[in-house]
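Next come the chains, spelled out residue by residue.
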Amino acid sequence: MADTTHTSANTVARPRKSIKWGTVFDHTVLILGSLFMLVPILMVLQTVTTPDLETIKNGPGLTIGTELDDNFAKAMFQASGFSGENTGTSMLINSLILGVGFAVGKIVIGMMAAYAIVYFRLRFATFAFWLIFTTLLLPLEVRILPSYEIVQQMGMLNTYSGLIIPLVASATATFFFRQFFRSVPNELVEAARIDGAGPVKFFIDILVPLSQTMIAAMFIIMFVYGWNQYLWPTMITTDEDMYTLVRGIKQITQDLEGTNVPEYGRANMLALIAILPPVLIVIFFQSWFVKGLTESDK
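Draft legend 1. Just the overall build of the protein, in detail. A tally of helices and strands in the protein yields 16 helices and zero strands. For the protein, the residues scored as buried account for 34% of the 298 residues in total. For the protein, the computed accessible surface area is about 18400 Å², with 67% contributed by carbon and sulfur atoms.

Spelled out as structure tokens, the structure:
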């Protein structure tokens, strides 16, 4: 009887958990914002699954059709344009090459520049860093004409090197790697020097492994930046077999204008395909991305 009374007393005395309205409000805002951002994608998905004539007649709706497989086949394998070489598969490959080339090139150049600024006794290292950093104030549109002239004179039009090399330098990557290298303990540098590690060995065997999370974070940023490029590929590529997805979608929509029925399903399918690789990379490497930008313990 005493045990029962003691248990009941503890049950009554146990305080109720209060609702944290601030947390509820934060999550509500996040959920509503996510749904608001997903509405255009859902509309595109609905357009992909319905016949083009129905889309023209009724506009985007809420019903899901059965044209998904047909539009996917047309988007990926059916040739378009004047040459007949502009397929979704070729554009996807070109976009992957551009995105990976941008990311790898910018990471390599940024790491080498940051390594020289931090670890070499250069007389004007700080001035060189800030000079590199000020290039962030110069967008692509400001320097696109001289860059195009150089690429044309070097015969790199309609080539992957012409797409990647002129824009491969990155002040953003240099800045982040410089901050990362400055946080590496000096004891580690001295220990490597005592062990006989030269500059190249120290960079490859020590700094590169330590920078894995930062490299992953920079890869995500630079891949998305390269994947979404539109203006530069538009100027550099005139052959249809060199079009990227972002460049080719606009070309396909131009081809669909006129007396023919616009193929909204095919064009929107290419738009969905263009969204997937950056989204998948961000999802799978999200933890690396956050860790690379916030990690302080080396």
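Structure shown, so let's carry the discussion forward.
Draft legend 2. Region of the structure containing the packing of helix 4 (residues 68-77) against helix 15 (residues 264-284). At a minimum axis separation of 8 Å, helix 4 and helix 15 run at an interaxial angle of 75 degrees. Taken together, helix 4 and helix 15 sit at an angle that is classed as roughly perpendicular. Residue-level contacts link Leu 68, Asn 71, Phe 72, Lys 74, Ala 75 and Met 76 of helix 4 to Gly 265, Arg 266, Met 269, Leu 270 and Ile 273 of helix 15. Each residue belonging to the contact of helix 4 with helix 15 can be placed in one class, and the counts come to seven nonpolar, two polar and two charged.

Draft legend 3. How the structure looks around the side chain of Ser 95. Considering the arrangement of structural elements, one finds Ser 95 in helix 5 (residues 88-119). What Ser 95 contacts, discounting residues up to four positions off in sequence, is Trp 227, Thr 244 and Leu 245.

Draft legend 4. Local environment of the pattern of salt bridges. Taken as a whole and assessed by the stated rule, the structure comprises two salt bridges. Notably, a salt bridge pairs Glu 190 with Arg 193, separated by 3.5 Å at the nearest N-O pair. Here Glu 190 and its partner Arg 193 are both found in helix 10 (residues 186-194), three residues apart, which amounts to about one turn of the helix. Glu 190 sits in the partly exposed class, given a relative accessible area of 40%. Residue Lys 201 is joined to Asp 205 by a salt bridge in which the shortest nitrogen-to-oxygen separation is 2.8 Å.

Draft legend 5. How the structure looks around the nonpolar core. Core analysis: the largest hydrophobic core is formed by 35 residues, its most contacted members being Phe 177, Phe 181, Phe 202, Leu 207, Met 218 and Leu 245. For this core, the secondary-structure elements that each account for two or more residues are helix 4, helix 5, helix 9 (171-182), helix 10, helix 11 (199-210), helix 12 (212-227), helix 14 (245-256) and helix 15. Residues within four places of Phe 202 in sequence aside, it is in contact with Tyr 115, Tyr 119, Leu 188, Val 189, Ala 192, Ala 197 and Leu 207. Val 151, Met 156, Leu 167 and Ile 236 belong to the second largest nonpolar core, which has 12 residues in total.

Draft legend 6. Main features of unusual backbone geometry. Backbone geometry places Asn 158, a non-glycine residue, at a positive phi of 60 degrees. Positionally, Asn 158 belongs in the loop between helix 7 (140-153) and helix 8 (160-164). You can call Asn 158 buried: its relative accessible area is 18%.

Draft legend 7. Focus on helix 7. Taking 1.5 Å of rise per residue, the 14 residues of helix 7 would be expected to cover 20 Å, and the 19 Å separating its terminal C-alpha atoms lies within 8% of that figure. Maximum bend of helix 7: about 35 degrees, positioned at Pro 146. Every buried residue of helix 7 is listed here: Leu 140, Ile 144, Ser 147 and Val 151. The elements touched by buried residues of helix 7 are helix 8 and helix 13 (231-236). Positive phi shows up at Gly 155, right after helix 7, with a value of about 70 degrees.

Draft legend 8. Inspection of the layout of surface pockets at higher detail. Put simply, the largest pocket is a space of about 440 Å³. Together, 18 residues line the largest pocket, and Lys 106, Arg 143, Ala 169, Ser 170 and Ala 171 are the ones closest to its centre. Counting only elements with at least two residues in the lining of the largest pocket, the list comes to helix 5, helix 9 and helix 12. Considering only residue class, the lining of the largest pocket consists of 12 nonpolar, four polar and two charged. Along its surface, the second largest pocket is lined by Tyr 115, Tyr 119, Phe 120, Arg 121, Val 189, Ala 192, Arg 193, Ala 197, Gly 198, Pro 199 and Phe 202. Taken together, the elements giving at least two residues each to the lining of the second largest pocket come down to helix 5, helix 10 and helix 11. For the lining of the second largest pocket, the element with the highest residue contribution is helix 10, accounting for three residues.

Draft legend 9. View of the environment of Pro 166. Topologically, Pro 166 is positioned in the loop between helix 8 and helix 9. Of the residues examined, Pro 166 reaches a relative accessible area of 26% and is grouped as partly exposed. As for Pro 166 and Ile 150, which are separated by 16 residues in sequence, their C-alpha atoms are 8.8 Å apart. Setting aside residues up to four positions removed in sequence, Pro 166 forms contacts with Val 151, Ser 161 and Trp 232.

About the cut-offs
- Residues numbered from 1 in each chain as written.
- Predicted model: local features only at pLDDT ≥ 70, side-chain atom pairs only at ≥ 80, totals over all residues.
- Heavy atoms only, no water.
- Helix = DSSP H or I, 4+ residues; strand = E, 2+ residues; numbered from the N terminus.
- Buried < 20%, exposed > 50% of the residue type's maximum accessible area, 1.4 Å probe, protein only.
- Areas by Shrake-Rupley, 256 points an atom, 1.4 Å probe, with all protein chains shown as cover.
- Axes fitted to C-alpha atoms, helices over the stretch in contact; angles between N-to-C directions.
- Parallel < 35°, antiparallel > 145°, perpendicular 65-115°, else oblique.
- Contact = heavy atoms within 4.5 Å.
- Nonpolar A, V, L, I, M, F, W, Y, C, P; charged D, E, K, R; others polar.
- Salt bridge = Lys/Arg side-chain N within 4 Å of Asp/Glu carboxyl O.
- Core = buried A, V, L, I, M, F, W, Y, C linked by side-chain atoms within 4.5 Å.
- Expected span 1.5 Å × (residues − 1).
- Bend = angle between axes of the 7 residues up to and from the residue.
- 1 Å grid on protein atoms, 1.4 Å probe; cavity = no way out; pocket = protein on both sides within 12 Å on 5 of 7 lines; lining within 4 Å.
- Points joined across faces, edges and corners; volume = space filled by probe spheres on them.

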